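Structural overview for review
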Amino acid sequence: MKIAIFSPYATVVPHFDTELEIAQKHLDQGHQVEFVHCAGGLANCDFNVDRDPARCQQCVGRREMGLELLEPSVKIEVIPAVGLQPLNLKNDFVSVSELIDYRIENFDIGFAALSSLVSLCRDPEPDLVAHRVRLNQFLTSALQTFRHAQAYLIANRPDRVYVFNGRFAAMRAVFRACQDAGIDCYLHERGCDGEHYAVLKNHFLHDIPAMDRVIQQTWFDAEWRTERLAVAAQWYQNRVDRIEQEWFSFVKHQQRGMLPTGWDSSKHNVTIFCSSDDEFVAIGDCWKNELYSNQVVAIQQLATDLQTIAPQVHLTLRVHPNLASVDNQRKRDMLALEFPNLCIIPPESPIDSYELLSASDCVATFGSTVGIEAVYWDRPSVLLGPSMYQNLGGTYRPSTHEEAVQLLSQPLLPLEKIGALMFGFWLQTNGVRYKYFRSSGLFDGQFKGQTLYARPPKKTLGMRIRNEARKLFARI
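One structure accompanies this document, and this report is about it. (Residues numbered from 1 in each chain as written. Predicted model: local features only at pLDDT ≥ 70, side-chain atom pairs only at ≥ 80, totals over all residues. Heavy atoms only, no water.)

**Some thoughts on the environment of Ser-265**
What counts is decided by this rule: Helical segments are the DSSP runs of H or I of at least four residues, strand segments are the runs of E of at least two, and each set is numbered from the N terminus. Only protein chains enter the accessibility calculation, which uses a 1.4 Å probe; a residue whose area is less than 20% of its type maximum is buried, one above 50% is exposed, and one in between is partly exposed.
Within the secondary structure, Ser-265 sits in the loop between α8 (228–240) and β7 (268–273). Overall, the relative accessible area of 64% leaves Ser-265 in the exposed class.

So this is what it looks like as structure tokens:
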């Protein structure tokens, strides 16, 4: 089998280390492996947006050290610098919608560049005029990679391609080039914990229809059927217990059992858990909210109408803790909301999100996993936007704003939790176990017992003679 691993960045653990893991496993099977990577020639890099030469050299050095550890050695190809590829790009976008619609052949390059830009800015609606230079760099690196991937796939026809994530500018370029060439593309990501990595065949991690099939297949194909309930339950309990597995716990600094001052249990309490939606805004059409243009508009409309129609309802807005260090207009607008039936909990507040969930009569979410966690903990859950688990059952899914108001204004019964069990089981078990990589933290680990780093250049004979001469003269 002929394997190609497109590896634009070797900067972040464990993603490059995962590529080495994948390569070594294929080499163990006698397969041919080739790495296609950047050597500093990309117009921009998601992990080095300022093009710091030292950071670039660190990336190149980590890759060189990592590739030397593979046995047998692999072939290497470098993505050429932008000056060697004539590009014709539009770069005068004035709106996000215009950027999203921008395509080159089958490549949704606007979505790709937007995904990188919003991740950098932590803003789902970045000012494209203010960020024009940066945006053009992301567009350029995306098209660079797309054109080279197209040419490489035609010339080499690998049986399988691997690339990290697939959402960002250069990575999505590889994914779309593979689709164009009819070659399977495997997107790798973090798995259920530091001992596993995930591999997704021909779809994003946040592709809702595709992940719906994966989650259900994992549940029904499980070898340990008698243990599924306990395994799923463990994921939900780990969340409450602040145990970090595949990612940070955003509630670990919250004070257990703490509710907002003046919490009135005689009210019909609805808690809205908002999302940090910059991660989802540039995935694709499956994440388009058909009910509301954004979360701030939704909360405004709900608070206004519920105040008139159902004055017994009290809304509590838990702003996602992940937004604590973020400064964008949408967050400012959210924190500035003022309604007599609305209490806002800022992201850095020590109020316990899980105590809120337990004390609420109903939970409403915009894609947050709290929506499915509520189902597991027997709380009515209303989805006000797309979510990974929306098709698994257990949640109320209004199709209009009026229906959302009606649902939130009345007592609701918890729905069946089989979908929550499926979701928790998948999150607790997904991925392939590492053989050669050992994690020692979310961003630390060793491949074949080695910590990868940028080593100093090897000393030539002449350099060694000069160094010895300096030492000699220093003693005279």
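After that view, the rundown keeps rolling.
**Some details on the environment of Ala-173**
For clarity, the threshold we go by: Throughout, a contact is declared for two residues whenever any of their heavy atoms are within 4.5 Å.
With respect to the helices and strands, the residue Ala-173 is situated in helix α6 (residues 169–181). On the basis of relative accessible area, Ala-173 is assigned to the buried category, the value being 0%. Along the sequence, Ala-173 and Ile-109 sit 64 residues apart, while their C-alpha atoms lie 7.4 Å from each other. Sequence-distant contacts of Ala-173, defined by excluding residues within four places in its chain, comprise Phe-107, Ala-142, Thr-145 and Phe-146.

**Some thoughts on the sheet that holds strand β10 (residues 362–365)**
Note the cut-off: Pairing between strands is defined by DSSP: at least two bridges between them are needed. Axis lines are fitted to C-alpha atoms, over the contacting stretch for helices. Their N-to-C directions set the angle, which ranges from 0 to 180 degrees.
Reading across the sheet, the five strands line up as β9-β8-β7-β10-β11 and stay open at both edges, with parallel pairing between neighbours. Lying at the two open borders of the sheet, with one neighbouring strand each, are β9 (342–345) and β11 (381–383). Going from strand to strand, the sheet's axes swing by 20 degrees on average, the running direction of each strand aside. Bridge analysis of strand β8 (residues 313–318) against β9 gives four bridges, and the strand direction is parallel.

**Here we look at the pattern of salt bridges**
For clarity, the threshold we go by: By definition here, a salt bridge exists when the distance from a side-chain nitrogen of Lys or Arg to a carboxyl oxygen of Asp or Glu is within 4 Å.
One pass over the structure, following the stated rule, counts 17 salt bridges. Residues Arg-176 and Asp-108 are paired through a salt bridge, measuring 2.9 Å at the closest nitrogen-oxygen approach. Taken together, the residues Arg-176 in helix α6 and Asp-108 in the loop between α3 (96–100) and α4 (109–121) connect sequence positions 68 residues apart. On the basis of relative accessible area, Asp-108 is assigned to the buried category, the value being 4%. Put simply, Lys-201 and Asp-184 hold a salt bridge, and the shortest N to O gap is 3.8 Å. Taken together, the positions of Lys-201 in strand β6 (residues 196–201) and Asp-184 in strand β5 (residues 184–190) put the pair 17 residues apart, joining distant regions of the chain.

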